[in-house]
Number of protein chains: 2
Amino acid sequence: MKVLAILYRGAKAAVAEPRLLGTVENQLGLRPWLQSLGHELIVSDDKEGPSSDFQKHIADAEVLVTTPFHPGYLTADLFEKAKNLKICITAGVGSDHIDLNAAVKKSVQVLEVSGSNVTSVAEHVVMSILLLVRNFVPAHEMIERGDWQVSDIARNAFDLENKVIGTIGAGRIGYRVLQRLVPFDPKELLYYDYTSLPDAVAKAVNVRKVDDLKEFVSQCDVVTVNCPLHEGTQGLVNSDLLQHFKKGAWLVNTARGAICDKDAVAQAVKSGHLRGYAGDVWNVQPAPKDHVWRTMKNPLGGGNGMVPHYSGTTLDAQARYASGTRSILENYITGKAQDPQNVIVGKGKYESKAYGQR
Amino acid sequence: MKVLAILYRGAKAAVAEPRLLGTVENQLGLRPWLQSLGHELIVSDDKEGPSSDFQKHIADAEVLVTTPFHPGYLTADLFEKAKNLKICITAGVGSDHIDLNAAVKKSVQVLEVSGSNVTSVAEHVVMSILLLVRNFVPAHEMIERGDWQVSDIARNAFDLENKVIGTIGAGRIGYRVLQRLVPFDPKELLYYDYTSLPDAVAKAVNVRKVDDLKEFVSQCDVVTVNCPLHEGTQGLVNSDLLQHFKKGAWLVNTARGAICDKDAVAQAVKSGHLRGYAGDVWNVQPAPKDHVWRTMKNPLGGGNGMVPHYSGTTLDAQARYASGTRSILENYITGKAQDPQNVIVGKGKYESKAYGQR
């Protein structure tokens, strides 16, 4: 059996820190185990273009392992080429780098390590909300450059207390965000989703559903995006929807970059219509050097909380998704049933509604 | 009656943003009201040296209003000069800029707006913990400079979940920090304090008291300082205590800078013994341009979350402490009783135990 893993390169960091499991160097800890079973493991970060390791080895790999942080994009065309492929495993959460319709058609299973880093991402969301609302980045930059002018920071710094905070998507990540926001005493918590939380679950965090997306965003001081990327959510936050946001609202997106329109968001931040935008996901990854989200600022010089895609790949998360990837592989090898919450596409059919299937 | 207010300068920001109430320009909104009552109001940010407005006008002012963000330091010597002074009001929380023993001796009352910004500061603490543990600053700087190397960030990024977090001081701010940390599922919450929380109050956040400070810090992955500055807490976190911290722990201090030894902290961050230090308080404010806390980094280039002193002066907090300052003044003018929780020093005696009086 040939296993192909597309991971990010850790370089010196991966040598110095063996807990960086999700790297090319440390190979999710899979090599000794797979080799002891007589399987072949190919690991690379080279994923773009027809002569890349990814496209070369996908032709006869039986298993593809990849991560959302440095994804091998498995298109319908590549599925045609992947004659031997049986299972795709996402070491992490979010399988939009795989053409799921093609996977269904070709009877290739798609699985995620669903619980592995939802808490990591939820923490990143709450951190990002706080640092935008409280105007952290310009304050830290002021200190680094040797200045001290409290009023320039305070004029755009607020408390999270008594704000209306809404999540697009109240699934495993979105709901964890809501749980962590409760003791901040928000004015109200709102959610927008294709499905409804059970009453008791909604009541536990005192969250109210708003069915119309425009109405939803118009009520929020802070909007956070916690839904998967699929045909129905691509470009969901575009210039039209942004017009319905409150003036001066904050937007946090750690879901997938392409859910928000790159240029519309940048324009809204620059005009001050959005007071800030933060997150770790980009429409292309790695983001090009001149990506406008790297440097966009609001009119007062703040409002940018962007980072590279790492919220779900903390060292704590890597331990969990490395072990989860091995469990999925073990189940696959031994023919044992997979944990249902990990299955996005089963044999020839969708098993999850999260990617837009109703 | 002459009222002297020492506030920070807002400059253009204060003109553009009238909600910047705590500035020299916007004068806590007190001028029209005080003048309508026939009182004199002197407002300045000039507070250092014998010829400063502060030292000039303290000679005959009856009321001193100042903030922790740009404090007029009222020493025992200046109390001798302040022949007419009856009451000092801190627009905010924390009155360590006033020699409280001298205030008792001279029968000058000292009051704070005690509830005005405790939530603001507690939010800043939780934000600072998250951004240190999750390694935010180097990640954002990487994006700004056009790079993308996930492993260099991930190798020093962790989840807050399952960590041991302890607060030195579980009063109005420290307890609010604990409340906000509960849903992050810490391994354990700990506190160290001169007094004990009532059982039900401790149980509500599932926090355990540790009586010995060295033992306390040795158990914590994250330590946060939430106690007042007084003789008993000055230099509390020094090189001796730091030796008892876990290697790689994080430290957050939004209480007062002088509670932590400046050089010992910088040395611990630089060696990596502390993985990071964050906060908004400094031993001298404004901090000098070459203050080591501005630029100290851990061996992996992160671990600095410093900002100027503003956590308690968000626009939301300014509205509260401006109105609280006016209430205290109204009570003083009309002879009405003050809210007991605002009184640090009453007429000739301490009313609060928070500043080290037992």
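Residues numbered from 1 in each chain as written. Chains lettered and ligands numbered in written order. Predicted model: local features only at pLDDT ≥ 70, side-chain atom pairs only at ≥ 80, totals over all residues. Heavy atoms only, no water.

## Observations concerning the interface of chain A and chain B
Contacts between chain A and chain B engage 71 residues on the former and 71 residues on the latter. Both sides together, the interface formed by chain A and chain B hides about 6,100 Å², and carbon and sulfur atoms give 60% of it. When residues of chain A are sorted by the area they lose upon contact with chain B, Arg134, Trp148 and Arg294 of chain A head the list and together hold 13% of the total. Summed over the shared surface of chain A and chain B, the number is 14 salt bridges. A salt bridge links Glu123 of chain A to Arg134 of chain B, with the shortest nitrogen-to-oxygen separation between them at 2.9 Å. (Contact = heavy atoms within 4.5 Å. Buried area = accessible area lost by both parts, 1.4 Å probe. Salt bridge = Lys/Arg side-chain N within 4 Å of Asp/Glu carboxyl O.)

## Observations regarding the relation of the copies chain A and chain B
When chain A is fitted to chain B, the best match, at an RMSD of 0.0 Å, comes from turning it 180° and sliding it 0.0 Å along the axis. Here the symmetry operator amounts to a two-fold rotation axis. Among all residues of chain A, the one whose C-alpha sits closest to the rotation axis is Met127 of chain A, at a distance of 2.9 Å. In this assembly, 100% of the residues forming the interface of chain A have copies in chain B that are likewise at the interface, indicating an isologous arrangement. (Least-squares fit on C-alpha atoms with pLDDT ≥ 70 in both.)

## Things to note about the packing of helix H6 (residues 118-133) of chain A against helix H9 (residues 172-181) of chain A
Residue and element names in this part refer to chain A. The contact between H6 and H9 brings their axes to 8 Å, and the two run at 50°. Relative to H9, H6 is oriented oblique. The handedness of the crossing between H6 and H9 is right-handed. Taken together, the residues of H9 that come into contact with H6 (itself represented by Val118, Thr119, Val121, Ala122, Glu123, Val125, Val126 and Ile129) are Arg172, Ile173, Arg176, Val177, Arg180 and Leu181. In terms of residue class, the contact of H6 with H9 is made up of 9 nonpolar, 1 polar and 4 charged. (Axes fitted to C-alpha atoms, helices over the stretch in contact; angles between N-to-C directions. Helix = DSSP H or I, 4+ residues; strand = E, 2+ residues; numbered from the N terminus. Parallel < 35°, antiparallel > 145°, perpendicular 65-115°, else oblique. Left-handed = near helix turned anticlockwise from the far one by under 90°. Nonpolar A, V, L, I, M, F, W, Y, C, P; charged D, E, K, R; others polar.)

## Description of the packing of aromatic side chains
Under the counting rule described, the total for this entry stands at 15 aromatic pairs over all chains. Arranged with centres 5.9 Å apart and planes meeting at 75°, the rings of Trp282 of chain A and Trp148 of chain B form a pair that is edge-to-face. With one member in each of two chains, Trp282 of chain A in the loop between strand S11 (274-279) and strand S12 (304-306) and Trp148 of chain B in the loop between helix H7 (136-144) and helix H8 (150-154) form a pair that bridges those chains. The pair Trp282 of chain A / Trp148 of chain B is uniform in exposure class, with both members buried. One aromatic cluster is present, built from ring pairs that chain together Trp148 of chain A together with Tyr277, Trp282 and Trp293 of chain B. We note Arg294 of chain A situated over the ring of Trp282 of chain A; from NZ or CZ to the ring centre the distance is 5.9 Å. (Phe/Tyr/Trp six-rings, centres within 6.5 Å; stacked < 30°, edge-to-face > 60°. Buried < 20%, exposed > 50% of the residue type's maximum accessible area, 1.4 Å probe, protein only. Lys NZ or Arg CZ within 6 Å of the ring centre and 35° of its normal.)

## A word on the sheet that holds S11 of chain A
Residues and elements named next belong to chain A. Overall, parallel pairing links the 7 strands, which are arranged S8-S7-S6-S9-S10-S11-S12 in an open sheet. The two strands at the open ends of the sheet, each matched to only one other strand, are strand S8 (207-209) and S12. Between one strand and the next, the sheet's axes are offset by a mean angle of 20°, whatever the strand orientation. In the sheet, S11 pairs with S12 via 3 bridges, with the strands oriented parallel. The residue of S12 that forms the bridge with Tyr277 is Asn304. (Pairing = 2+ DSSP bridges.)

## Quick look at the UniProt feature "site: Important for catalytic activity" (unreviewed entry) in chain A
The positions that UniProt labels "site: Important for catalytic activity" (unreviewed entry) are, in the present scheme, Arg256 and His309 of chain A. With the annotated positions falling across 54 residues, the maximum pairwise C-alpha distance of 9.6 Å places them together in a single cluster. As for its placement among the helices and strands, Arg256 of chain A is situated in the loop between strand S10 (249-253) and helix H13 (262-271). The class of Arg256 of chain A is buried, set by a relative accessible area of 11%. A distance of 3.4 Å separates the side chain of Arg256 of chain A from the backbone oxygen of Gly94 of chain A, its partner in a polar contact. Relative to the assigned elements, His309 of chain A resides in the loop between S12 and helix H14 (315-334). Look at His309 of chain A and you get buried, because its relative accessible area is 3%. Those residues in contact with His309 of chain A that sit more than four places away from it in its chain are Pro68, Phe69, Arg256, Asp280, Val281, Trp282 and Gln285 of chain A together with Trp148 and Val150 of chain B. (UniProt positions renumbered as here; feature names shortened; annotations may be inferred. Polar contact = N/O pair within 3.5 Å; in protein donor to acceptor, adjacent residues only side chain to side chain.)

## Section: H14 of chain A
Note on helix geometry: an α-helix contains 3.6 residues per turn, so any two residues three or four positions apart are oriented the same way. All names here are of chain A. The terminal C-alpha atoms of H14 lie 29 Å apart, and with 20 residues this matches the ideal 28 Å at 1.5 Å per residue to within 8%. Considered for burial, the residues of H14 that qualify are Leu315, Ala317, Gln318, Tyr321, Ala322, Gly324, Thr325, Ile328, Leu329 and Asn331. Looking at the residues trailing H14, positive phi occurs at Gly335, about 75°. (Expected span 1.5 Å × (residues − 1).)

## Quick notes on the sheet that holds strand S7 (residues 188-192) of chain B
Residues and elements named next belong to chain B. A sheet is described by the order of its strands in space; here 7 strands give the open sequence S8-S7-S6-S9-S10-S11-S12, paired in parallel fashion. Strands with a single pairing partner mark the edges of an open sheet, and in this sheet they are strand S8 (207-209) and strand S12 (304-306). Sheet twist, expressed as the average angle between the axes of neighbouring strands with direction ignored, equals 20°. Against the sheet, helix H13 (residues 262-271) touches strand S10 (249-253) and strand S11 (274-279), its axis set at about 135° to S11.

## Considering the pairing of S7 of chain B
All names here are of chain B. Bridge analysis of strand S6 (residues 164-168) against S7 gives 5 bridges, and the strand direction is parallel. In the sheet register, Gly166 faces S7, and the bridge partner there is Leu190. In this fold, S6 hands off to helix H9 (residues 172-181), which returns the chain to S7; that crossover is right-handed. Between the parallel elements S7 and S8, the chain passes through helix H10 (residues 199-205) in a crossover that is right-handed. (Right-handed = clockwise from strand over helix to strand, strands pointing away.)

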